[in-house]
Every structure is written in C-alpha cells, then in structure tokens.
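# Breakdown of the fold
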Protein chains: 2
Amino acid sequence: MKKERGFYTVRGYQMLNAENKTLTSSMEDYLEMICRTCREEGYVRVNQLAEMLNVRPSSTTKVIQKLNALGLVDYQKYGIIQPTEEGKAIGDFLLKRHEIIEEFLGILGIEETRLKDTEMIEHDVSLNTLKSIYVLNKFLSENPDIIKRYETFRKRYNVDDVIL
Amino acid sequence: MKKERGFYTVRGYQMLNAENKTLTSSMEDYLEMICRTCREEGYVRVNQLAEMLNVRPSSTTKVIQKLNALGLVDYQKYGIIQPTEEGKAIGDFLLKRHEIIEEFLGILGIEETRLKDTEMIEHDVSLNTLKSIYVLNKFLSENPDIIKRYETFRKRYNVDDVIL
DNA sequence: AAACTTTATTTGCCATGCCTAATAACCAGA
DNA sequence: TCTGGTTATTAGGCATGGCAAATAAAGTTT
C-alpha cells in the first residue's frame, strides 16, 4: 500500500493556504477590483463594488470588513473605500497577475471565455508558474515568427473540432 | 456609470456552474481519483480514497453519497466504489484534462509545484482553453527547436529572479 | 459464536461566501 | 429641520466541504 502524499482536493489546498494567512480567492477578487477602480477614480463605494463583482452589497460589506481588519483597505462604516499602502502593493501584484494570465490566453487565441478563464485561473497559479508564464509571454512576443507558426498550426488543427 | 457585467468572483462563477448542474471542484477531485485508482485496481474503498486525497473518511463518505445520487458511482454502504459508465466517461475527461495541464506546465519548466498547480488549475479551465492548451502542447512537442529556443530564453532570463 | 479489529457511517460542529429582508445612517431638497 | 431617497449594515439563512467523536457494520481469530 503506497502512502500517497501528493494529491489534495482543491479545498485541501485552500485550507493549507489559510494557515499561511494568505488571502482567500474571494478577498483577492475584491481587493483586485478595489485597486483597479481606485487607480482610475481614487476610491470605491460598496454598492459600486458589489455591482462590478455581480454580488450583493451585503456580501461586499462583509468582505470589506475583513480586508479592513487585515489592514489592506482604509474604510469606515458608510464611508469610501481605498487600499492602504500594503493593500495597494498586494493589489498591484494581483492586477499584474491578471494581466499576465490574460495575455497568455490571448496569445493562445482564446477570445470568448478569456475574462472568465483568467479570473478563475489567476487565483490558482503559484508564483513560480506565474513567472514562467510571464517569461513565455515575453518569449513569444519577442518571436513573432513562432506565434505565426503556432497560429498556422492552430488553424490547420482546427481547435474547435479537437476531441479530447 | 458603466453597467459592468463582466466580472465575477470565483464563487460567482461556481454558482453559475451549479445551475448548469456541473460537478463541484471537490466532486471532480473525488471522481478523478476514483477513476485513476479503478483503472489500476478495479475498485476503491472509502479509506483508501480518503488517504489519497488527504481527507478524512467521514468527508469522503459524504461526497461518495452525492456522486452515487448523481449516478456517477456504483456503491452501497460499506461496499466498494466503482464508477458507472457515465462516471467513467466524465472521469476519463477529468484525467485527460489533468494530463494536458500537467504536460503544459512541464513544458513550461515547472517542477516543484507542478502537481499542485495542475490540481488547482484543472478545475477552472474552460473546454475552450483546454483545447487550446492541448494544441499548444502538440505544437511545441512537434517543434522541439522552439522548445530549445524557449529554454535558452528562459535560462538567459533566469525565471527565478523575475520580479513582477 | 464471541471477541476483537478494521472499515465505514452518522452526527454534530465550524468557516466561507453567498443570499434576502429588515434596519440604520447619510444627504438633499422643500 | 424634517423627510424621502440612496447607500450601507446587520441579522438570519443556506450549501459546501472540511473536522472529530460516537456508532455501526463487516471481517477475522480463536
């Protein structure tokens, strides 16, 4: 009988993470959106955030309070929301991560589901893998000939008809 | 004020999925492992599965009962677990998906976190994106010259030192 | 077959993250 | 200032997916 140590359920990994006091996926989503908006408009409000995330304001309040307790956003009841310095630093990383994944999917030729896939995948990529994807993006955009070859290949292969 | 429809939290997407009656990530993890094991040994038992997934037997029982109710596994109390035809079909897809992601990460040069990243990402990739990654893998393995170039690039770039 | 061991299930608990409905605070215009 | 409308918070509820402890079933030994 082999003692299997490798596999975990998704939830299992999440719980491991929780011990390391990293943010939950949900918190990441909120913080990311807060930073995205504040970059453009200086601050966000609960309702606005809720609408952007397709979530109810009551859910938003709860998460904001947690982020506040973690010192990642400045905010008081009924007030505006802004990231702290630390929150901004993390948010910048989250936005960068988002961009990297999205760029990669773009190169891959994914159009319709790109945003959705990005949002799902971004939470799950280790820093390690993220860096590798970043480098891959760089590699490919510096070598358009390869992208050309890939696109030809992709067309000839007819992705949509691939059966797995 | 823009009516933003695009963004969702991860949980939001999961709930959309739930309406379409797809499996939860957790159920996918279990079914995948059930199929993996049954391929080799013909059947699994609760404790074995629990150990392989690093989870308690009591948690396992619960999920198995759900999978059973969905008609994806054959099983009765205190008995052995085997996928039904439908369960096997889904499981085959899940295993294939796992392989595709893992192969991609392998090509990317990810070693330490490969299994973990695969397990996290696999649940979140649309069929669309999966197929594209599949084709990318094919493309790269049929063009070892490109992989060579990428590896050189990667080394020169020194992935580990990348600052995002 | 009785006793013991292994295996699995049940029960009851916890946190997350969403929801709705009720309530509270804030802000303008009359 | 008070009063209506907007904005935000609280309270209470639900499902998922973990856990531990108690219980039950099955299997093995003597």
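Residues numbered from 1 in each chain as written. Chains lettered and ligands numbered in written order. Predicted model: local features only at pLDDT ≥ 70, side-chain atom pairs only at ≥ 80, totals over all residues. Heavy atoms only, no water.

## Some words on the relation of the copies chain B and chain A
Two copies of one chain are present, and they are related through a rotation about an axis combined with an axial shift. After a rotation of 180° and a shift along the axis of 0.0 Å, chain B superposes on chain A with an RMSD of 0.1 Å. Put plainly, the chains are arranged around a two-fold axis. Using C-alpha coordinates, one finds that chain B approaches the rotation axis most closely at B:Ile121, a distance of 2.9 Å. Both copies contact each other with a shared surface, as 100% of the interface residues of chain B are interface residues in chain A too. (Least-squares fit on C-alpha atoms with pLDDT ≥ 70 in both. Contact = heavy atoms within 4.5 Å.)

## Side note on the protein's contact with DNA strand C
Near DNA strand C, the surroundings consist of 23 residues, among which A:Lys62, B:Arg45, B:Thr61, B:Tyr75 and B:Lys77 are the closest. One nitrogen or oxygen atom from the side chain of A:Tyr30 is found 3.4 Å from a phosphate oxygen belonging to DNA strand C. Between A:Arg56 and DNA strand C, the recorded distance is 2.8 Å, taken from a backbone N or O atom to a phosphate oxygen. Of the residues assigned to the surface near DNA strand C, the class counts are 8 nonpolar, 9 polar and 6 charged. (Near = heavy atom within 4 Å. Polar contact = N/O pair within 3.5 Å; in protein donor to acceptor, adjacent residues only side chain to side chain. Nonpolar A, V, L, I, M, F, W, Y, C, P; charged D, E, K, R; others polar.)

## Some thoughts on helix H7 (residues 127–142) of chain B
Taking 1.5 Å of rise per residue, the 16 residues of H7(B) would be expected to cover 22 Å, and the 22 Å separating its terminal C-alpha atoms lies within 8% of that figure. Buried residues dominate H7(B), accounting for 12 of its 16 residues. For H7(B), the set of buried residues is B:Asn128, B:Thr129, B:Leu130, B:Lys131, B:Ser132, B:Ile133, B:Tyr134, B:Val135, B:Leu136, B:Asn137, B:Phe139 and B:Leu140. Contacts made by the buried residues of H7(B) are with helix H5 (85–108), helix H6 (114–121) and helix H8 (144–157) of chain A together with helix H5 (85–108) and helix H8 (144–157) of chain B. (Helix = DSSP H or I, 4+ residues; strand = E, 2+ residues; numbered from the N terminus. Expected span 1.5 Å × (residues − 1). Buried < 20%, exposed > 50% of the residue type's maximum accessible area, 1.4 Å probe, protein only.)

These results come straight from atomic positions and should not be treated as a statement about function.
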